[in-house]
Amino acid sequence: MVSNRVALPDQTATGGLASAMRAALQERGGVWFGWSGKVARQAGGEVHRQTDGQVEYATMDLSRTDHDDFYDGFANRTLWPLLHYRPDLVDYDRKHLAGYLRVNNLFAEQLISLIGPNDLVWINDYHLIPLAAMLRERGVRNRIGFFLHTPLPAASLLIALPRHLELLETLASYDLVGLHTPRDQRALQEYFLYEVGATMRRDGRIRTPEGRNFRAEVFPIGIDTAAVAEWASHADEHEEIHDLRQSLEGRALIIGVDRLDYSKGLPERFHAYARLLERSPQLHRKVSFLQIAPTSRGGVPEYRQIRRELERMAGHINGEYAAPDWVPIRYVNNSYPHSLLSGYYRSARVGLVTPLRDGMNLVAKEYVASQDPEDPGVLVLSRFAGAAQELRDALLVNPADTEEVAEALGIALEMSLHERRVRWRRMMDVLEKQDVTAWRNAFLRRLAE
Ligand SMILES: O=P(O)(O)OC[C@H]1O[C@H](O[C@H]2O[C@H](CO)[C@@H](O)[C@H](O)[C@H]2O)[C@H](O)[C@@H](O)[C@@H]1O
Ligand SMILES: O=c1ccn([C@@H]2O[C@H](COP(=O)(O)OP(=O)(O)O)[C@@H](O)[C@H]2O)c(=O)[nH]1
């Protein structure tokens, strides 16, 4: 398994990819290779190894220049905004593209010694698109799969990527490309048909003009549903959960949990909550909104900017509505382990998950899996999260439509116990069936075929 982000055994896995990989690898075992999360003083590339249960971790530091050009640069200032439908934020610095290719080459060099003759190689996410092509150049003949954890926009937007053809056609070096939703799959097929000049074969594979064949299929990622439900059922044992519940004094809690990222729609969410307070004075002092938003990608200016904006907004809304004994928004930048988060989710009457675009969004799934079956809360979910394709019994909203989100919050807070139970059961059925183990098995089975 290869990904830029690796959650080492003693780390909180903030970010869906790391949470899911950890769950997917724990049971089956394997080698997990990627960035250590550290920036080395000297040139990067030194590999550190450690073992935990059946998982062997092999991680590599990056030099300052590599980190800045590859991670902060091309991955998170060029690819990330484009993949999240923000061409206005795309950075065109050629130095960043060179750094991206340089670090992918470094990954290829280090990875090669870890690959055994019969291994399946599973590479993850937009940081590492050209990695299979670089491994193939070095003679690797193993099955190699790729999973894209973000959305994939239509070809008409993808062509805004600098040197898009050169980069995206390397996807054909994989045997299997996995995506979260049928919409992403269609976008990939369309790009290959119209930009690369590929054809669709009868067996569903895409054939490039050079004669390479590969599959692009849908595998919606899941969570470890049983583990999340189990942690949540022990919520009472944590002092922190007890403290939160006591501090609510009977008020209904609305919860949001997101990396501090402009794709998560946080300013829009704060506006919608303010609109709810404006149009429903009867809710004043009866409701509290907890937004957990750990800082993310702090080296990228757009992320620092969103942090400033939210601090201002939280201050403004609290200034307008707070009373001596009531704070409408609790805004927290810390991150919390899953065992605790599931207790926070269970304490909340409403889970508010409103990204402007999101590959999947595991928080939406974790919120549902954490609920008390006897008295479950309601999920308000953006139509633009991959999770909306499966969680049809959430209250689905357009996150940019302030009025619609405020209205959904009002409906969620008043929903009858009967309706909450019916909706929750249907969503839980999906999460139990399509959990992270099913996702991993389906992808690996297909890759091995
Ligand atoms: O590694 P970071 O830069 O700290 O960012 C965290 C991760 O963010 C993105 O996660 C995506 O993967 C999730 C699991 O499939 C999905 O639910 C979510 O919608 C995506 O945003 C990113 O794609 C990962 O590479 C990052 O590790
Ligand atoms: O304080 C926190 C905040 C988030 N997360 C985890 O980070 C992941 C976020 O994944 P998601 O797919 O929702 O979005 P991403 O951050 O990957 O874009 C989820 O598993 C969360 O439980 C966490 O462990 N601690």
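This structure is a prediction, so every number in the text was calculated from the model and none was measured.

S.K.: Let's hear about the overall build of the chain: which residues, and what values?
M.R.: Helices and strands together make up the secondary structure of the chain, namely 16 helices and 16 strands. Radius of gyration (C-alpha) of the chain: 22 Å, near the 22 Å computed for a compact globule of 449 residues. Taking the principal axes of its C-alpha atoms as reference, the chain extends roughly 65 × 50 × 40 Å. Taken across its 449 residues, the chain has 48% of its residues classed as buried.

S.K.: Got a sec to walk through the site of ligand 2? Specific residues and values, please.
M.R.: Around ligand 2, a shell composed of 20 residues is seen, among which Gly16, Ser19, Ser335, Leu362 and Val363 lie nearest. For the shell around ligand 2, the elements supplying multiple residues, two or more each, are α1 (16-28), α12 (338-346) and α13 (362-369). When the residues that make up the shell around ligand 2 are grouped by side-chain class, the tally is 10 nonpolar, 8 polar and 2 charged. Counting only domains with at least three residues in the shell around ligand 2, you end up with domain 1 (2-222 + 436-448) and domain 2 (225-433).

S.K.: Would you mind going over the packing of helix α8 (residues 225-233) against α12 in detail, with residue names and values included?
M.R.: Between α8 and α12, the shortest axis-to-axis distance is 8 Å and the interhelical angle comes to 70°. Relative to α12, the element α8 lies roughly perpendicular. Facing α8, whose interface residues are Val228, Trp231 and Ala232, α12 presents His338, Ser339, Ser342, Gly343, Tyr345 and Arg346.

S.K.: Tell me about the packing of helix α10 (residues 266-279) against helix α11 (residues 301-321), and name the residues and values.
M.R.: It is the contact of α10 with α11, at a shortest axis distance of 10 Å, that shows an interaxial angle of 5°. Classed by the angle they form, the pair α10 and α11 counts as roughly parallel. Taking contact as the criterion, the partners of Leu266, Pro267, Phe270, Ala274 and Leu277 in α10 are, on α11, Ile306, Glu309, Leu310, Met313, Ala314, Ile317 and Tyr321. Grouping the constituent residues of the contact of α10 with α11 by class yields 11 nonpolar, no polar and 1 charged.

S.K.: Now, about the site of ligand 1: what can you tell me, with residues and values included?
M.R.: In the vicinity of ligand 1 there are 17 residues, among which Gly15, Gly16, His149, Gly359 and Met360 approach most closely. Here the residues of the shell around ligand 1 sort into 6 nonpolar, 7 polar and 4 charged. Viewed by domain, the shell around ligand 1 spans two of them, domain 1 (2-222 + 436-448) and domain 2 (225-433), each represented by three or more residues.

S.K.: Run through the environment of Glu407, naming residues and quoting values.
M.R.: When you line up the elements, Glu407 lands in helix α14 (residues 402-414). Take Glu407: there are 17 C-beta atoms within 10 Å of it, and that puts it in the partly exposed class. For the pair Glu407 and Gln371, spaced 36 residues apart in sequence, the C-alpha to C-alpha distance is 22 Å.

S.K.: Would you mind going over the nonpolar core in detail, with residue names and values included?
M.R.: Residues Ala364, Leu379, Val380, Leu381 and Leu409 are the most contacted members of the largest nonpolar core, which totals 135 residues. Each of domain 1 (2-222 + 436-448) and domain 2 (225-433) gives at least three residues to this core. For Val380, the contacting residues outside a window of four places in its chain are Val350, Gly351, Leu352, Val353, Ala394, Leu395, Val397, Ala408, Leu409 and Ala412.

S.K.: Kindly report on the sheet that holds strand β3 (residues 47-52), identifying the contributing residues and their values.
M.R.: Pairing in this open sheet of 10 strands is mixed, and the strands run β3-β4-β2-β1-β5-β6-β7-β10-β9-β8 from one edge to the other. Every other strand in the sheet has two partners, leaving β3 and β8 (199-200) as the edge strands with one partner each. Bridge count for strand β5 (residues 121-124) against strand β6 (residues 144-147) is 4 bridges, and the pairing is parallel. The residue of β6 that forms the bridge with Ile123 is Phe146.

Analysis parameters
- Residues numbered from 1 in each chain as written.
- Chains lettered and ligands numbered in written order.
- Predicted model: local features only at pLDDT ≥ 70, side-chain atom pairs only at ≥ 80, totals over all residues.
- Helix = DSSP H or I, 4+ residues; strand = E, 2+ residues; numbered from the N terminus.
- Rg over C-alpha atoms; globule rule 2.2 N^0.38 Å.
- Buried ≥ 20, exposed ≤ 12 C-beta atoms within 10 Å, placed from the backbone.
- Near = placed C-beta within 6 Å.
- Nonpolar A, V, L, I, M, F, W, Y, C, P; charged D, E, K, R; others polar.
- Domains from an automatic or database assignment.
- Axes fitted to C-alpha atoms, helices over the stretch in contact; angles between N-to-C directions.
- Parallel < 35°, antiparallel > 145°, perpendicular 65-115°, else oblique.
- Contact = placed C-beta atoms within 7 Å.
- Core = buried A, V, L, I, M, F, W, Y, C linked by C-beta atoms within 7 Å.
- Pairing = 2+ DSSP bridges.

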